[in-house]
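Now for the letters of each chain:
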Amino acid sequence: MSQQKISTIELVNKGLAKRYRAEKRFRLIGLGAIVLSLTFLAILFATITFNGYTAFQQTWLELTIFFDPQMLDAKNLRQADYDGLVKKSLRDNFPEVSGRSQKKDLYTLVSSGAAYKLQDMVVADTGIIGTTRQVWVPASDDVDMLIKGNIDRSQPESDRQLKDIQLAWIDQLVKEGRLAKRFNLAFFTAGDSREPELAGIFGATIGSAYMLLITLLLSFPVGVATAVYLEEFAKRNRWTDLVEVNINNLAAVPSIVFGLLGLAVFLNFFGLPRSSPLVGGLVMTLMTLPTIIIASRIALQSVPPSIREAALGIGASKMQTVIHHVLPLALPGMLTGTIIGMGRALGESAPLLMIGMVAFIVDIPGSLTDSATALPVQIYLWADCPEQAFMERTSAAIMVLLAFLVLMNGTAVLLRNRFERRW
Amino acid sequence: MSSSLLLIVLLGLSAVAFHLGRRRAIALGRASGSSRSLHSRPVYYGTLTALWCGLPALFIFALWQALESNIMVRLTISTLPEQIRSLPAAGLGLVINDIKNLAAGSSFGGIPDPVIEAAADYYRHLQELGGLLKGGTLTVLSLVAMVFGLSRLTPKLRARNQVEALVKVLLIICSTMAILTTIGIVLSVLFEALRFFQKVPLTDFLFGLEWSPQTAIRTDQVGSSGAFGAVPVFAGTLMISALAMLVAVPIGLMSAIYLAEYAGKKVRAVAKPLIEILAGVPTVVYGFFAALVVAPFIRDLGAHLGISVSSESALAAGLIMGIMIIPFIMSISDDVINAVPQTLRDGSYALGATKNETVRRVLLPAALPGIVGGVLLAVSRAIGETMIVVMAAGLSAKLTANPLQAVTTVTVQIVTLLVGDQEFDSPKTLAAFALGLLLFLITLLLNVTALYIVRKYREQYE
């Protein structure tokens with residue numbers, strides 16, 4: 001009996017190898033989880049960048065345009081047939097093209113924006129009428145996709161956006177040096193368009209900017225005021241408890257519910273204009289308020305009581321203590337929270353779908369009540385478009401949006417590091 | 001005078017009032033000996049005068065702005081001939097819109113009806129008149145108030161107390177915004193939902209197994225009544241949320257454990273912010289990623305293996321939503337694991353437990369309430385998440401347990417029912433509000449429970 005008895009330490013040692021193996025396994029699983037998350041992050045960014053970076057360039061086509069005085073009536077320059085000029089130039093370049101359908105195929109190589117470019121040129125300087133110029137105009141999105149290598153030439157003709165004959169023309173143009181990739185300025189300066197090569201994010205960016213302006217102007221003062229009241233003045237009672245529970249709960253209400261609120265209250269009850277940045281800003285204000293309030297309260301709590309006591313001790317009133325001493329010390333923290341809230345508002349799109357900011361809007365919004373769309377909604381709209389060129393532009397728009405967010409959050413981090421004080 | 005100009009004028013007048021009030025206070029102080037004979041510092045006299053000048057005018061400005069267009073529309077309607085006035089509300093609304101557009105100078109081709117044109121002229125006339133009247137009244141009012149405020153200034157005036165009392169009232173008003181927002185949400189969703197339940201019985205909505213909200217245009221079309229059973233919609237929501245949780249909870253929790261217990265300071269300083277970037281990525285980006293990269297990938301993979309996978313499978317949406325939620329679970333778990341007192345760890349190590357045993361037998365049980373609270377918050381977020389499912393999940397409400405098929409969710413249905421042109425009394429649009437009400441109630445329940453658990457847990461170790 002006594003021989004069989006194993007001492008405790010032996011028992012422990014026996015199991016040790018197994019336990020250490022379990023320990024190692026557990027550690028590896030933990031590391032694996034981290035690596036997995038980081039891989040997701042890397043794949044996400046890599047895919048977006050890989051899909052999107054080409055959209056910052058656009059293929060342009062050089063045309064020899066004769067500004068035919070017979071086609072350009074000096075009195076009615078806006079109504080002239082600029083399309084005809086473009087078509088004629090294409091026909092001259094490829095004299096062998098004949099037949100309706102072939103001509104039609106030829107014309108689709110050039111973007112419909114080419115006519116507008118000619119119009120702008122003529123309107124700006126009527127002296128060019130009667131001369132022949134070399135003009136660079138945007139090529140159509142299919143040509144652009146081919147040049148960027150997104151159209152597979154080896155596919156059968158029926159599965160391809162471009163026909164064999166169009167490929168031959170494009171190859172000829174490339175050989176003549178009449179096709180070139182240039183920086184895609186239109187992407188940054190134009191509004192939305194049905195043509196991918198003419199579509200830009202400027203309109204959406206301005207819409208987002210207006211919206212954030214409203215959000216900032218309303219949510220920062222109200223959020224800070226609420227935080228100051230709750231932290232510095234309110235006595236703890238049922239009412240303040242109710243307010244607190246409300247704020248914490250609002251922070252977790254789905255954003256789409258705020259959209260429903262905006263639709264029912266701002267649009268249907270107050271009759272504010274649909275699709276406007278004003279309403280978008282109001283909805284975003286309500287949505288970001290909890291974030292700002294919670295951040296501001298934490299900032300106020302971190303100001304040591306000795307500051308308040310010193311101010312009160314030399315005869316400042318409660319209000320003077322808060323405004324002159326506590327607020328300035330808490331401000332960096334409040335600003336950090338506000339920037340983070342603004343970042344969230346910039347990336348949010350669900351409530352905007354509810355209040356009609358998903359319309360197709362070509363014009364750049366000029367005021368707070370104009371119809372507008374926002375950057376993330378533009379991404380949503382483009383993601384739905386079937387053209388391959390729009391997929392590229394969607395990714396590029398995402399890159400711009402992410403750049404804005406990185407900028408904002410970077411500022412917040414910088415602000416926190418620069419001004420954060422440990423008492 | 002345009003509203004924004006008027007607003008600038010009013011603010012400018014207030015600034016002038018501040019300056020005048022302050023100067024007058026200084027003069028008063030000098031007249032009665034030293035500035036110490038004043039009750040408050042001159043700034044407060046200035047502020048008080050500015051408030052006198054600005055507040056009443058701004059209040060009336062806001063009121064005017066809110067009521068103006070309504071009154072003008074009523075006046076315009078009263079000039080219209082009887083046959084237009086007796087139109088139903090919707091038709092009248094269209095006419096009013098025409099009039100407004102015409103008055104704003106945007107004609108949309110064609111020659112407008114002379115009656116409408118006359119009404120537009122009248123409307124424009126009213127607008128001009130109203131603008132002048134508003135500008136004149138408010139400017140005069142604020143000037144009068146400024147003079148009155150200045151005349152009230154005496155050395156004994158308790159300016160500081162008055163200003164402070166007013167600021168405090170403002171603070172209180174601001175703090176009620178949160179409650180007003182909640183009330184607004186509840187009322188706006190509730191009213192429309194009640195109207196919906198008058199048309200579709202509550203039991204049909206809650207327990208109906210079929211969802212096809214497309215009401216037909218003609219009454220004799222098939223399925224013209226529409227079916228509003230919310231069960232398949234909620235089943236889809238739950239399935240996608242469950243998939244998301246299957247991804248997010250293990251990865252998030254293990255990441256948090258590794259970061260809190262194993263990782264060195266340097267790894268932690270790099271890995272934590274990097275993973276938190278995932279939380280800052282806009283959901284529309286995830287939606288794009290899910291719809292254009294992940295869903296086709298899963299479909300092709302399925303085709304490779306000989307399984308038929310829908311191109312809008314619940315799996316793709318759930319997977320991506322899970323990735324979105326990882327940092328959320330990680331942050332909360334990290335917080336609660338760090339909040340467990342060091343003494344518990346030390347005690348466990350002293351008994352000879354390995355790290356892994358300490359984590360599993362001591363830390364996790366101690367942190368469990370907090371983690372559960374965090375997971376509940378994450379579930380609420382998954383249920384309310386919109387963009388990912390709108391872009392990657394389907395529209396057809398199928399009652400299925402197969403994650404490879406397309407399902408629909410509450411948020412997808414709300415968006416599809418409400419985006420685009422809509423009449424506001426069809427059961428179709430009202431159904432969106434009923435879904436919204438249910439969504440709000442469910443997330444409210446989850447949030448309140450979670451917040452309660454987390455708070456209670458925090459108090460345990462304090």
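Being a predicted model, the structure only gives us computed values, none of them experimental. (Residues numbered from 1 in each chain as written. Chains lettered and ligands numbered in written order. Predicted model: local features only at pLDDT ≥ 70, side-chain atom pairs only at ≥ 80, totals over all residues. Heavy atoms only, no water.)

Attention now moves to the overall build of chain A. Looking only at helices and strands, chain A has 16 helices and three strands in total. The C-alpha atoms of chain A give a radius of gyration of 31 Å, which is well past the 22 Å a tight globule of 423 residues would have. With respect to the principal axes defined by its C-alpha atoms, chain A has extents near 100 × 80 × 40 Å. Expressed as a percentage of the 423 residues in chain A, the buried residues total 50%. Within the structure as shown, chain A displays about 20400 Å² of accessible surface, and the carbon and sulfur contribution to it stands at 59%. (Helix = DSSP H or I, 4+ residues; strand = E, 2+ residues; numbered from the N terminus. Rg over C-alpha atoms; globule rule 2.2 N^0.38 Å. Buried < 20%, exposed > 50% of the residue type's maximum accessible area, 1.4 Å probe, protein only. Areas by Shrake-Rupley, 256 points an atom, 1.4 Å probe, with all protein chains shown as cover.)

What follows deals with the overall build of chain B. Within chain B, the regular secondary structure consists of 17 helices and two strands. Taking 2.2 N^0.38 as the reference for a compact globule, 462 residues should give roughly 23 Å; the C-alpha atoms of chain B span a radius of gyration of 32 Å, well beyond that estimate. The principal-axis extents of the C-alpha atoms in chain B amount to approximately 85 × 75 × 40 Å. A burial count over chain B gives 45% of its 462 residues as buried. For chain B, the share of sequence-separated contacts (at least 6 apart) that also reach a separation of at least 24 residues comes to 74%. Only carbon and sulfur atoms are counted for the fraction: they give 66% of the accessible area of chain B, which is about 22700 Å². When the 34 basic and 26 acidic side-chain charges of chain B are each reduced to a single mean position, those positions are 18 Å apart. (Contact = heavy atoms within 4.5 Å. Lys, Arg positive; Asp, Glu negative; His and termini not counted. Charge placed at Lys NZ, Arg CZ, Asp CG, Glu CD.)

The next point concerns the nonpolar core. Grouped together as the largest cluster of nonpolar side chains are 181 residues, with contacts concentrated most on A:Phe258, B:Ile185, B:Tyr286, B:Met321, B:Ile325 and B:Ile414. Broken down by element, the residue count for this core peaks at 17 residues, all from helix α9 (residues 231-262) of chain B. Apart from residues lying up to four places away in sequence, B:Ile325 is in contact with B:Met245, B:Ala248, B:Ala378 and B:Ala382. Among the nonpolar cores identified, the runner-up in size contains 36 residues, and A:Tyr107, A:Val122, A:Trp169 and A:Ala389 belong to it. (Core = buried A, V, L, I, M, F, W, Y, C linked by side-chain atoms within 4.5 Å.)

Next up on the list: the environment of B:Ile179. Structurally, the position occupied by B:Ile179 is in helix α7 (residues 177-199). Here B:Ile179 is in contact with A:Trp239, A:Leu242, A:Val243 and A:Asn246, once residues within four sequence places are set aside.

Each partner contributes to the interface: chain B provides 76 residues, whereas chain A provides 71 residues. Summing both sides of the interface, chain B and chain A together bury roughly 6500 Å²; the carbon and sulfur share of this comes to 78%. The interface formed by chain B and chain A holds one salt bridge in total. Measuring nitrogen to oxygen at the nearest pair gives 2.7 Å for the salt bridge that ties A:Arg19 to B:Glu357. Among the elements that make up the side of chain B that touches chain A, the one with the highest residue count is helix α17 (residues 427-460) of chain B (10 residues). (Buried area = accessible area lost by both parts, 1.4 Å probe. Salt bridge = Lys/Arg side-chain N within 4 Å of Asp/Glu carboxyl O.)

Once that is clear, we can look at the packing of aromatic side chains. All told, the structure shown has 16 aromatic pairs over all chains when counted by the stated rule. With a centroid separation of 5.9 Å and an interplanar angle of 85 degrees, the aromatic rings of A:Phe56 and A:Phe187 are classed as edge-to-face. A residue pair is termed long-range when its members are at least 10 positions apart, and A:Phe56 in the loop between α1 (8-52) and β1 (57-66) and A:Phe187 in helix α7 (residues 186-189) qualify at 131 residues. Each member of the pair, A:Phe56 together with A:Phe187, is buried. Measuring from ring centre to ring centre gives 5.5 Å for B:Phe197 and B:Phe205, while their planes differ by 65 degrees; the resulting arrangement is edge-to-face. In textbook terms, an aromatic cluster arises when at least three aromatic residues are bridged by ring pairs, as seen for A:Phe56, A:Phe183, A:Phe187, A:Phe188, A:Trp382 and A:Phe390. If you follow A:Arg418 out to its NZ or CZ, it ends over the ring of A:Phe419, 5.4 Å from the centre. (Phe/Tyr/Trp six-rings, centres within 6.5 Å; stacked < 30°, edge-to-face > 60°. Lys NZ or Arg CZ within 6 Å of the ring centre and 35° of its normal.)

Here the focus is a nonpolar patch on the surface. Residue and element names in this part refer to chain B. The grouping of Phe59, Ile60, Leu63, Leu67, Ile71, Leu75 and Leu141 at the surface amounts to a nonpolar patch, some 620 Å² of accessible area in total. The element best represented in the nonpolar patch is helix α2 (residues 42-79), accounting for six residues. In this fold, leucine 67 is placed in helix α2. (Patch = residues over 30% accessible without salt bridge, like charges linked within 9 Å, V, L, I, M, F, W, Y side chains within 5 Å.)

Attention now moves to the packing of helix α15 (residues 375-383) of chain A against helix α16 (residues 388-419) of chain A. Residue and element names in this part refer to chain A. One can describe the packing of α15 onto α16 by two numbers: an axis separation of 9 Å at closest approach and a directional angle of 160 degrees. Judged by the angle between their axes, α15 and α16 are roughly antiparallel. Read as a crossing pair, α15 and α16 show a hand that is left-handed. Along the contact surface, α15 presents Leu375, Pro376, Ile379, Trp382 and Ala383, while α16 presents Phe390, Arg393, Thr394, Ala397, Ile398, Leu401 and Phe404. (Axes fitted to C-alpha atoms, helices over the stretch in contact; angles between N-to-C directions. Parallel < 35°, antiparallel > 145°, perpendicular 65-115°, else oblique. Left-handed = near helix turned anticlockwise from the far one by under 90°.)

What follows covers the side chain of B:Asp334. All names here are of chain B. The residue aspartate 334 is located in helix α12 (residues 314-339) in this model. Within the structure, the side chain of aspartate 334 is placed 3.2 Å from the side chain of arginine 268, a separation counted as a polar contact. Those residues in contact with aspartate 334 that lie beyond four places of it in its chain are Ala256, Ala260, Arg268 and Lys272. (Polar contact = N/O pair within 3.5 Å; in protein donor to acceptor, adjacent residues only side chain to side chain.)

Where interface size is quoted, it is often the accessible area lost as the parts come together. Each domain of chain B was delimited in the assignment, giving domain 1 (3-164) and domain 2 (227-460). Taken over C-alpha atoms, the centre of domain 1 of chain B sits 49 Å from the centre of domain 2 of chain B. (Domains from an automatic or database assignment.)

Here the focus is the sheet that holds β1(A). Residues and elements named next belong to chain A. Reading across the sheet, the three strands line up as β2-β1-β3 and stay open at both edges, with antiparallel pairing between neighbours. For this open sheet the edge positions go to β2 (132-138) and β3 (179-183), each flanked by a neighbour on one side alone. The sheet shows a mean angle of 40 degrees between the axes of neighbouring strands, taken without regard to direction. Where β1 lies against β3, five bridges are found, and the strand directions are antiparallel. By the bridge assignment, glutamine 58 is partnered in β3 with arginine 182. (Pairing = 2+ DSSP bridges.)

Residue and element names in this part refer to chain A. As assigned here, chain A comprises domain 1 (8-53), domain 2 (56-193) and domain 3 (202-419). Placing a centre on the C-alpha atoms of domain 1 and another on those of domain 3 gives a separation of 37 Å. Taken together, the contacts link six residues of domain 1 with seven residues of domain 3. When domain 1 packs against domain 3, close to 520 Å² is buried across both sides, 78% of that on carbon and sulfur atoms. The largest contributions to the domain 1 side of the interface with domain 3 come from Ile48, Asn51 and Gly52, which together make up 75% of the buried area. Seen at the junction of domain 1 and domain 3, the total is zero salt bridges. For the pair domain 1 and domain 3, the interface holds zero residue pairs in polar contact (both at pLDDT 80 or more). Considered class by class, the residues forming the side of domain 1 that touches domain 3 number three nonpolar, three polar and no charged. (Nonpolar A, V, L, I, M, F, W, Y, C, P; charged D, E, K, R; others polar.)

Residue and element names in this part refer to chain A. The end-to-end C-alpha separation of helix α9 (residues 238-250) is 18 Å, in line with the 18 Å expected for 13 residues at 1.5 Å each. Among the residues of α9, those classed as buried are Thr240, Val243, Glu244, Asn246, Ile247, Asn249 and Leu250. Two or three places before tryptophan 239, at the start of α9, stands the capping residue asparagine 237, its side-chain oxygen 3.1 Å from that residue's backbone nitrogen. (Expected span 1.5 Å × (residues − 1).)

Further remarks concern unusual backbone geometry. Residue and element names in this part refer to chain A. The backbone of serine 275 sits at a positive phi, close to 60 degrees, despite the residue not being glycine. With respect to the element layout, serine 275 can be found in the loop between α10 (255-269) and α11 (277-301). Owing to a relative accessible area of 8%, serine 275 belongs among the buried residues under this scheme.

This next bit is on the packing of α1(A) against helix α10 (residues 265-280) of chain B. Angle between the axes and distance between the axes are the two parameters that describe a pair of packed helices. It is at 10 Å that the axes of α1(A) and α10(B) come closest, and there the two elements cross at 50 degrees. As far as their axial angle goes, α10(B) and α1(A) are oblique. The two elements α1(A) and α10(B) cross, and the hand of that crossing is left-handed. On the side of α1(A), the interface is formed by A:Ile34, A:Ser37, A:Leu38, A:Leu41 and A:Phe45, while α10(B) contributes B:Ala271, B:Leu274, B:Ile275, B:Ile277 and B:Leu278. Among the residues forming the contact of α1(A) with α10(B), the class breakdown is nine nonpolar, one polar and no charged.

All names here are of chain A. In terms of burial, β1 is a largely internal element, seven of the 10 residues being buried. One ladder, built from seven bridges, connects β1 with β2; its direction is antiparallel. Residue pairing in the sheet places tryptophan 60 in a bridge with proline 138 of β2.

Right, let's talk about the pattern of salt bridges for a bit. Residues and elements named next belong to chain A. Taken as a whole and assessed by the stated rule, the structure comprises 22 salt bridges over all chains. The shortest N-O distance in the salt bridge between aspartate 92 and lysine 88 comes to 3.5 Å. Here aspartate 92 pairs with lysine 88, and both are found in helix α2 (residues 82-93), just four residues apart, close to one helical turn. When salt bridges that share partners are traced, they join Glu231, Arg236, Asp241, Glu244 and Arg297 into one network.

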